[in-house]
Amino acid sequence: AVVQNGTSLHFAAPDLKGDWVMVATAARRCFLRSWESFFASEAIREDRDIVLAVVRQDWQALAFVAEHLKADREILQIATRCCGLALELASDSIKADCDV
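Keep in mind that what you see is a predicted model, and the values were worked out from it rather than measured.

S.K.: Looking at this structure, how should I read the overall build of the protein chain?
M.R.: Across its full length, the protein chain holds seven helices and zero strands. What you see in the protein chain, going N to C, is helices and strands ordered as α-α-α-α-α-α-α. Scored against the burial criterion, the 100 residues of the protein chain give a buried share of 44%. Sequence separation of at least 24 residues holds for 36% of the intrachain contacts in the protein chain that already meet a minimum separation of 6. Total accessible area computed for the protein chain in this model is approximately 5,600 Å², and 52% of it derives from carbon and sulfur atoms.

S.K.: What is the right way to look at the confidence of the model for the protein chain in this model?
M.R.: Caution is warranted with low-pLDDT regions, since their predicted coordinates should not be read in detail. Here the protein chain shows a mean pLDDT of 80. Residues at 70 or above account for 77%. At the level of individual helices and strands, the protein chain shows its lowest average pLDDT in helix α3 (residues 35-38), which scores 70, and its highest in helix α6 (residues 73-82), which scores 93.

S.K.: How do you make sense of α6 when you look at a structure like this?
M.R.: Structurally, the α-helix is built with 3.6 residues per turn, so residues lying three or four positions apart point the same way. Listed as buried for α6 are Ile 75, Leu 76, Ile 78, Ala 79 and Thr 80. Check the buried side of α6 and you find it contacts α5 (48-57) and α7 (92-95). N-capping of α6 is provided by Asp 72, with a side-chain oxygen placed 3.0 Å from the backbone N of Glu 74.

S.K.: I tried to follow the pattern of salt bridges on my own but got confused; where do I start?
M.R.: Any two side chains of opposite charge can pair, given that their charged atoms come close. For the structure shown, the criterion picks out five salt bridges. For Glu 67, the salt bridge identified is with Lys 70, shortest N-O distance 3.2 Å. Classification of Glu 67 as exposed rests on a relative accessible area of 53%. For Lys 70, a relative accessible area of 9% gives the class buried. The salt bridge partner of Lys 95 is Asp 92, with a shortest N-O separation of 3.7 Å. You can see Lys 95 and its partner Asp 92 sitting in helix α7, three residues apart, about one turn around the helix. The class for Lys 95 is partly exposed, based on a relative accessible area of 36%.

Rules of the game
Per-chain numbering applies: the sequence of each chain, read as written, is numbered from 1 onward. In keeping with the predicted nature of the model, local features appear solely for residues at pLDDT of at least 70, side-chain atom pairs appear and are counted solely at 80 or more, and the whole-chain, interface and lining totals rest on all residues. Where side-chain values are given, they derive from all heavy atoms of the structure, hydrogens and water being excluded. By the criteria applied, helices consist of DSSP H or I runs no shorter than four residues and strands consist of E runs no shorter than two, each listed in order from the N terminus. Each residue's exposure class comes from its accessible area (1.4 Å probe, protein chains only) as a fraction of the maximum for that residue type: buried when under 20%, exposed when over 50%, partly exposed otherwise. Contacts are residue-level and defined by heavy atoms, with any inter-residue pair within 4.5 Å sufficient. Note on areas: Shrake-Rupley, 1.4 Å probe, and residue coverage restricted to the protein chains presented here. Every residue carries a pLDDT, the predictor's confidence in it, which falls somewhere between 0 and 100. The definition of a polar contact used here is a pair of N or O atoms within 3.5 Å, where within protein one atom must be able to donate a hydrogen and the other to accept one, and adjacent residues in sequence count solely through side-chain atom pairs. When a carboxyl oxygen of Asp or Glu is within 4 Å of a side-chain nitrogen of Lys or Arg, the pair counts as a salt bridge.

See the structure below:
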């Protein structure tokens, strides 16, 4: 189901929601950009590799990731290259970083 529409991950069993391959496939197929349901699992919100892949697709996903990843320089650089408004979603500790 996630191959056809990534938002169907929301209805998957909990063990599948933590499966990296399943989540990566869903991220590529999240047509509606329903990031809130996509990041329903804490494990997904905290997985840096998944967050990097998703933020490369849509900077707005940053709103739903774990707080410590909102301070990750690489993730923020990717997001702000897409749209400067992504800086509003960054943690306070990195907002003053001129390199972001």
